[in-house]
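Chain by chain, the residues:
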Amino acid sequence: MKFLMQSKRYLLPFIFSIWVTLLIPMSTFADNTASLVNIKLANTRDDLLTYFEVQDAFTDKINQAVQNGVPTTFSFYVSLYKTGNTFFDKEIADVQIKSTVKYNSLKEEFSISRPWKDEKPVVTKSFEEAKSWMTEVDNLRVIPLKDLIKGNKYQIRIKAELDKVTLPLSLHYVLFFVSFWDFETDWYVINFTY
């Protein structure tokens, strides 16, 4: 009986710590300091374009993962809405793009794939240059101008996030806390009249 009483005394703090851990969302521990900066809208003769950068996307943990050869992908979401006097905004364009960086330790070079730019992967030995290519979006076509109406009000919403890493089953236990280096920016909104 004495053993049972002592077991309960030690078991209660253990159960409490598990319960508290389960109540705290995993995203609480994530690095959510990334933000979008230098957001610009422009147009060519035919299209509405956007430009932006992700600031503070590469934390120490993400840097370490990339340099250890873990392919890392950033996703960018751009939505365009027609706004006005109605209760609901109408989505008229939805663009989703990805950029991926892979490090080749044998060649000591970074390969950055940006299929949205219609180009083959670019290669560099400079990690700083690779990070710049990963976090800068330029000349992204949002919608043809012919689909916009002069004098109407619009809203563009932009967001960036790090894709979840998929690892071989044998590595899952090594990088159990990989979710702690996720990032996701807030939605950034620009209202404009065409």
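Asker: So what exactly am I meant to see when it comes to the overall build of the protein here?
Answerer: When helices and strands are counted, the protein shows 3 helices and 9 strands. Listing every helix and strand of the protein by position from the N terminus yields α-β-β-α-β-β-β-β-α-β-β-β. Look at the contacts in the protein between residues 6 or more apart in sequence, and 62% of them connect residues 24 or more apart. Taken as a whole, the protein presents about 12800 Å² of accessible surface, with 57% of it coming from carbon and sulfur.

Asker: Would you take a moment to explain the side chain of Lys131 for this structure?
Answerer: Within the element layout of this structure, Lys131 appears in helix H3 (residues 127-135). By relative accessible area, which is 15% here, Lys131 ends up buried. Beyond its immediate sequence surroundings of up to four residues, Lys131 is in contact with Phe58 and Asn63.

Asker: What am I meant to see in helix H2 (residues 60-67) here?
Answerer: Along an α-helix, a turn takes 3.6 residues, which lines up residues three or four apart on a common side. Turning to H2, its buried residues number three or more, namely Ile62, Asn63, Ala65 and Val66. One side of H2 holds all its buried residues, which, seen down the axis, span an arc of 165°. Buried residues belonging to H2 abut strand S3 (72-83), strand S4 (90-104), strand S5 (109-113), H3 and strand S8 (153-162).

Asker: When you look at the packing of aromatic side chains in this model, what are you seeing that I'm missing?
Answerer: Between two aromatic rings, the relevant description is the distance of the centres plus the angle of the planes. Enumeration according to the criterion identifies 6 aromatic pairs in this entry. A connected cluster of aromatic rings, assembled from ring pairs, spans Phe58, Phe74, Tyr103, Phe110 and Phe127. It is Lys131 that lies over the ring of Phe127; its NZ or CZ is 4.7 Å from the centre. Geometry around Tyr81 places Arg157 over its ring, the cationic atom sitting 3.8 Å from the centre.

Asker: What is the right way to read the environment of Tyr103 from this model?
Answerer: Note on placement: Tyr103 falls in strand S4. For the pair Tyr103 and Val70, spaced 33 residues apart in sequence, the C-alpha to C-alpha distance is 7.5 Å. Not counting residues within four places of it along the chain, the set of residues in contact with Tyr103 comprises Val66, Gln67, Gly69, Glu108, Glu109 and Phe110.

Asker: Mind showing me how you'd approach the pattern of salt bridges here?
Answerer: Two side chains with opposite charge may pair up if their charged atoms get near one another. Taken as a whole and judged by the stated rule, the model has 8 salt bridges. With a shortest N-O distance of 2.6 Å, Lys159 and Glu184 are connected by a salt bridge. Taken together, the residues span a long stretch of sequence, with Lys159 in strand S8 and Glu184 in the loop between S8 and strand S9 (188-193) at a distance of 25 residues. Judged by its relative accessible area of 12%, Lys159 falls in the buried class. Taking relative accessible area as the criterion, Glu184 reaches 39% and is therefore assigned partly exposed.

Asker: When you look at the nonpolar core in this model, what are you seeing that I'm missing?
Answerer: Here is a general trend for soluble globular proteins: nonpolar side chains tend to be buried in one another's company. Ranked by internal contacts, the top residues of the largest apolar core, which has 36 residues, are Leu80 and Phe183. In terms of residue count, S8 provides more of this core than any other element does, 5 residues in total. Setting aside residues up to four positions removed in sequence, Leu80 forms contacts with Leu48, Lys90, Glu91, Ile92, Ala93, Val142, Ile143, Leu148, Tyr154, Gln155, Ile156 and Phe192.

Asker: Looking at this structure, how should I read the sheet that holds strand S1 (residues 35-43)?
Answerer: Paired through backbone hydrogen bonds, the strands of a sheet run either parallel or antiparallel to each other. Taken together, the 3 strands give an open sheet; going across it, the order is S1-S2-S7, and neighbouring strands pair in antiparallel fashion. The strands lining the two open edges of the sheet, one partner per strand, are S1 and strand S7 (136-144). Sheet twist, expressed as the mean angle between neighbouring strand axes with direction ignored, is 25°. Bridge count for strand S2 (residues 47-55) against S7 is 6 bridges, and the pairing is antiparallel.

Asker: How should I be thinking about the sheet that holds S4 in this particular structure?
Answerer: Sheet architecture is open: 6 strands sit in the order S6-S5-S4-S3-S8-S9, paired in antiparallel fashion. Single-partner strands in this sheet number two, and they are strand S6 (122-124) and S9. Taking the axes of each pair of neighbouring strands and ignoring which way they run, one obtains an average angle of 20° across the sheet. With 11 bridges joining them, S3 and S4 adopt antiparallel strand pairing. Residue pairing across strands places Val78 opposite Val95, the latter belonging to S4. Its contacts with the sheet place H2 against S3, S4, S5 and S8, and it is angled at close to 60° to S4.

Cut-offs and rules
Residues numbered from 1 in each chain as written. Predicted model: local features only at pLDDT ≥ 70, side-chain atom pairs only at ≥ 80, totals over all residues. Heavy atoms only, no water. Helix = DSSP H or I, 4+ residues; strand = E, 2+ residues; numbered from the N terminus. Contact = heavy atoms within 4.5 Å. Areas by Shrake-Rupley, 256 points an atom, 1.4 Å probe, with all protein chains shown as cover. Buried < 20%, exposed > 50% of the residue type's maximum accessible area, 1.4 Å probe, protein only. Arc of directions from axis to C-beta. Phe/Tyr/Trp six-rings, centres within 6.5 Å; stacked < 30°, edge-to-face > 60°. Lys NZ or Arg CZ within 6 Å of the ring centre and 35° of its normal. Salt bridge = Lys/Arg side-chain N within 4 Å of Asp/Glu carboxyl O. Core = buried A, V, L, I, M, F, W, Y, C linked by side-chain atoms within 4.5 Å. Pairing = 2+ DSSP bridges. Axes fitted to C-alpha atoms, helices over the stretch in contact; angles between N-to-C directions.

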